[in-house]
Amino acid sequence: MNGFEIILSREHAQLDEETGKARAARLRLLDAPNPDRPRVRDAIDIVVGGVNLTARVAADQAPCVLRDLALSLVDLGCGVRSRAIVRFYDVPWELGLERREGDLALSLVKTGDETDVAVHDRRTPIADAIAGTRAAISALLTGRHAHDALAEVLRSELEGAEAALGQLEPGASTPPARHDVLAVVEPEPGIRGAFGVELPLSVDAHAGAEASVVETSDLHALLGRGRMRAVVRGRAQELGEVHGFLATERLVELAKAVLDAWERGRPLHTKVSLQGPLVGVRLDATGTLSLTLVASENAEAPRSTHVFPSLEGPDFVDAAVSLGRQLVRTIVRRDRAQASNLRLLTLRRRVRELSERLRDVARPVGPFGESDLVNQHRDSYRPYVKAKATTGAPDASLRRLKYEPRWTAEVPGIDLRATFLCGDRLVLSGASQTACVDRVTGKTLWKAPTVRATQIPTPAGLARLRGDGRLELRDFGDGSVVWTADCAPRSKGTPAACTIIAPGLPRLLVATDGDRHLCAYDLTSGAPRWRYTMTRPGPVRVRRAGRLLVVSSDEAQLVALDAVDGRVVWRIRDRLRFAAPAAIEREELFVVAGEPGGLARLHHLDALSGARRWERILEGAVATESAPMPLGRLVVVVTRDRRGIGLSAIDQTSGVEAWSLPPGTFPPGTSALGIDDRVVLNLPTGEVSAIVARDGSTAWRHVFETPVHGDAPRRLEPVLRAGALFVPQDRVRVLRPSDGAIVGVVTSDLVPDLLRVDERCDVYVAEESGHVAAFGAQSKLEAVPGRPRLSLVR
C-alpha cells in the first residue's frame with residue numbers, strides 16, 4: 001500500500017437541525033459530486049501513513065494546490081532545490097516540503113496572527129509522494145465531472161505535471177547536500193529575567209555567503225524544536241520542548257503588550273501558549289509584574305508551575321528583547337541564507353523597535369528626578385515671560401446685545417480646522433481651494449487652488465503645512481506663495497506648528513518635520529534654523545513659556561527647548577507618557593502624564609527651570625485632549641471614562657485634592673473652559689453651567705433646547721471675547737461669565753459647528769455643510785474699571 005495518498009473532495013455546509021450549528025459534510029469529487037448543493041468548495045486530503053495531515057484544511061482551489069504540489073515534487077526529485085513551500089491559496093495554510101536523501105519531510109503550518117503548527121517533520125519516501133500525487137492527478141483528469149471542474153489552462157498544466165512526474169527517477173538525482181546544526185541561545189546573565197532556547201536548523205552545505213537579492217518568507221526553515229529554559233533572579237527553570245522561533249515571536253509580542261500597558265499605567269493580565277509551555281503575566285497599574293511559567297508535560301516530569309512575583313514590567317520586556325536579539329544573530333551566523341528570510345527580518349525589526357522603546361522609557365526615574373535635566377540659569381529666561389493676558393468684564397447694566405446678519409457664503413468641502421480670523425480678513429479653506437474674504441462685507445479678496453493642510457496665521461502671512469510635508473507661506477494680500485520649504489511627511493498624527501513672535505526673539509515658525517523632528521524656519525526667508533529630534537513618532541503638542549517651547553509628545557519625557565537655537569534647556573522623565581498638553585501660568589507649569597484607562601500623574605513644575613514642585617497620582621482617568629486649568633489657588637483637571645467627564649481640583653501649593661466630581665457627572669462630548677474662578681461647561685444636551693473653582697459648587701446653570709439629533713454642533717468649545725462668553729448650542733448665545741446672564745442671542749439657520757468671534761464681538765458661524773454666515777453686533781461690550789478681569793486658560 002502506498003504510504004502517500006491524496007484525496008480530492010467537495011465540502012459543503014449543512015445545518016444541524018438539533019443544534020442549529022453548521023457541520024461539514026464531504027463528498028467524493030470523483031464518485032458523488034452534487035453541483036446543486038449550495039456553498040460547495042473543493043477540499044484536499046493528504047494522507048501519509050494512514051494519517052490525514054490536512055484534515056483541518058479546506059482549500060477552495062484544491063486542483064491548483066495539487067498542481068503546485070506536483071511541480072514542487074518535480075523540482076525536489078530532479079535535485080534543483082531541496083526545499084519548497086505549497087500554499088493553499090484562499091486559506092492561510094502552508095505545506096513545507098524538504099528532501100532529506102530518499103525521504104520527504106513534510107510540515108503543515110497555519111500562518112497569520114496566530115501561527116499554528118499542525119504537522120512538523122513528518123517523513124515519507126519521496127517515491128511514494130511522487131506516485132501518490134501522480135495518481136491523484138490522473139484520477140482528477142479522468143473523473144466524470146473533470147471537464148466541468150477544470151479550466152483549460154489548469155488542465156494543460158496538470159497534464160504537463162503528470163508527465164513530468166512519470167519521468168522522474170528520484171534515485172538517479174542527488175539532492176543538494178544539507179547538514180543539521182543546532183542554534184543555541186543561552187540566558188543572558190546580569191538581568192533579572194532571561195530566556196534560553198535551542199533551535200535545530202537544516203543548512204544547505206553549499207549556500208554562499210552572499211545575500212540574496214530577493215527576500216522571501218520561509219517559516220518552515222525555522223520550525224525546529226528544541227529545549228527552552230528560563231532564569232529569573234538566578235533561579236533556572238526548564239520549560240520543555242518548543243518551536244524556538246515561534247516561541248520567541250510570541251514572547252516578543254507579549255513583551256510589546258506589557259510595555260504598552262506599563263507606559264500607560266494600565267493593568268494587564270494575560271497568558272500565551274508556546275505550544276507546550278505557558279507564560280502568564282499579571283501587571284498592575286503601579287508597574288509591578290508577576291510572572292508565571294508553566295512547563296510542558298513530558299514523560300520524565302509532570303507539568304509544573306512556577307510563579308515569580310515582585311518584578312517590574314521592563315524586566316520581562318528586557319528578557320524577551322535579549323532572547324530575540326540573540327536568536328536572530330545566532331540563526332544568521334549558523335545559516336547565512338536566512339539573512340534574506342522575511343520572517344526573520346520581521347522579528348529583527350520588532351525586536352529593534354522594542355529595544356529602542358525600552359531604552360527610552362526604562363531609564364531610572366526617582367522621586368527627586370535623578371534622570372531629569374534642570375535649567376540652572378532660569379533667571380535669564382524670566383524677562384521673556386509675559387504677564388497674564390486679561391480681558392475686561394462687561395458692565396452688568398449693559399443693555400441687551402443685538403445681532404444683525406451681514407453676509408453669507410458657501411465653501412464646498414469646508415475644512416473647519418483651517419478657518420481663521422486674520423486681522424480684517426477671514427480665511428476659508430475648502431477641499432480644492434483657499435479663499436480670503438473681507439470680514440465686514442464678505443467680499444472675496446482672493447482665491448487660490450490648494451489642497452487640505454494644517455494652517456497657522458502668522459504676521460508674515462498664512463503658513464500651510466501639507467500632508468505630503470510641503471510647508472509654504474502665502475501672502476495675506478493676494479494669496480501668492482512667499483516661500484516654500486520641503487519637510488518629511490508624517491505617517492502618524494496631524495502636523496503641528498506654532499509661531500515665535502516676541503520682542504528680542506527671532507521671528508520663527510516651528511513645525512513638525514516628519515514623524516520624529518521639530519524644525520524652526522525663519523518667517524522671512526523660510527530657511528531652517530534648527531531641528532530637534534524626538535525619540536519616537538506620535539502626536540506633538542507645543543506650548544510657549546516666553547523664550548521656551550515646552551514639547552509633549554508620545555514620549556515618557558517632557559522637554560523645554562530654547563526657541564533661538566533649539567537646544568534642550570530642561571527635561572523631566574516619567575514612566576508614563578506625556579500625552580496631554582501642558583498648561584503654563586507665568587512661571588508655573590502643570591502637565592499630566594498618563595492616558596485614558598490607566599494610571600495618571602499630575603506634575604507641577606517650575607516653567608523656567610523644570611524643577612519639580614510636586615506630583616500627584618490622579619484617581620480618575622484623565623482626558624488627554626484637555627490641558628489642566630490653573631484657576632486661582634487651585635488647578636482643575638478634566639477626568640473621563642465611558643460614562644462621561646468629571647472634574648478634579650488640586651491645591652497648587654500642596655498638591656492635595658480640594659474637591660472632585662466623578663467621571664459621568666457630565667455626559668460625553670462636554671467641553672470645559674476655565675475663566676478666572678469658574679469652570680464653564682457646555683453640554684451636548686443643551687445645558688450650560690459654571691462650577692465654582694473654589695469648592696465645586698454650581699455658580700449658575702442654563703438649560704436650553706436640546707439640539708435635534710444630527711443638528712448638535714460638532715465643536716462645543718465656548719469662546720471668551722471682550723469679557724463676554726459666546727456659547728454654541730442650537731444657536732449662539734452670549735453670556736456674562738460672572739452670573740450667567742444672557743446678554744445676547746445670535747439667531748441663524750446654520751448649525752454652529754465652528755464659531756469665531758473678533759475683537760468687536762462680531763460673530764462668524766460655519767456649518768459642516770460648507771455654509772458660512774457673519775453677524776454684526778449693534779452694541780459693543782466695554783471693560784468697566786475696577787471690575788474683575790477674565791482670562792482664557794489654554
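In this text the structure is predicted, and so the values were computed from the model without any measurement. (Residues numbered from 1 in each chain as written. Predicted model: local features only at pLDDT ≥ 70, side-chain atom pairs only at ≥ 80, totals over all residues. Heavy atoms only, no water.)

## Quick word on the overall build of the protein
When you go through the protein residue by residue, the secondary structure sums to seven helices and 54 strands. Counting only residues that meet the buried cut, the protein has 54% of its 794 residues in that class. Within the protein, counting contacts between residues at least 6 apart in sequence, those at least 24 apart form 51% of the total. In the structure as shown, the protein presents an accessible area of about 35100 Å², 49% of it carried by carbon and sulfur atoms. (Helix = DSSP H or I, 4+ residues; strand = E, 2+ residues; numbered from the N terminus. Buried < 20%, exposed > 50% of the residue type's maximum accessible area, 1.4 Å probe, protein only. Contact = heavy atoms within 4.5 Å. Areas by Shrake-Rupley, 256 points an atom, 1.4 Å probe, with all protein chains shown as cover.)

## Brief notes about unusual backbone geometry
At Glu 101, a position not held by glycine, the phi torsion is positive, near 60°. Among the structural elements, Glu 101 can be located in the loop between strand E6 (93-100) and strand E7 (103-110). Backbone geometry places Ser 310, a non-glycine residue, at a positive phi of 60°.

## Topic: the pattern of salt bridges
On inspection of all chains with the given rule, the structure shows 60 salt bridges. With a shortest N-O distance of 2.9 Å, Arg 100 and Asp 180 are connected by a salt bridge. One end of the pair, Arg 100, is in strand E6; the other, Asp 180, is in strand E9 (residues 178-185), with 80 residues separating them in the sequence. Taking the shortest distance from any N to any O, the salt bridge between Lys 256 and Asp 260 comes out at 3.5 Å. Taken together, the residues span about one helical turn, with Lys 256 and Asp 260 both in helix H5 (residues 244-264) at a distance of four residues. Overall, Lys 256 belongs to the partly exposed group, its relative accessible area being 38%. Within the structure, one salt-bridge network assembled from shared partners comprises Lys 256, Asp 260, Glu 263, Arg 264, Arg 357, Arg 536 and Arg 577. (Salt bridge = Lys/Arg side-chain N within 4 Å of Asp/Glu carboxyl O.)

## A few points about H5
Given a rise of 1.5 Å per residue, 21 residues ought to cover 30 Å, and the 30 Å separating the end C-alpha atoms of H5 matches this to within 8%. The buried count for H5 comes to 18 of 21 residues, which makes it a mostly enclosed element. In the segment just after H5, Gly 265 is the residue with positive phi, at about 70°. (Expected span 1.5 Å × (residues − 1).)

## Looking at the sheet that holds E7
An order of E5-E6-E7-E8 is seen for the four strands of this open sheet, with the pairing classed as antiparallel. The open sheet is flanked by strand E5 (83-87) and strand E8 (116-125), the only strands paired with a single partner. In this sheet, neighbouring strand axes are inclined to one another by 20° on average, regardless of whether the strands run parallel or antiparallel. (Pairing = 2+ DSSP bridges. Axes fitted to C-alpha atoms, helices over the stretch in contact; angles between N-to-C directions.)

Spatial relationships are all this shows, so hold off on functional conclusions.
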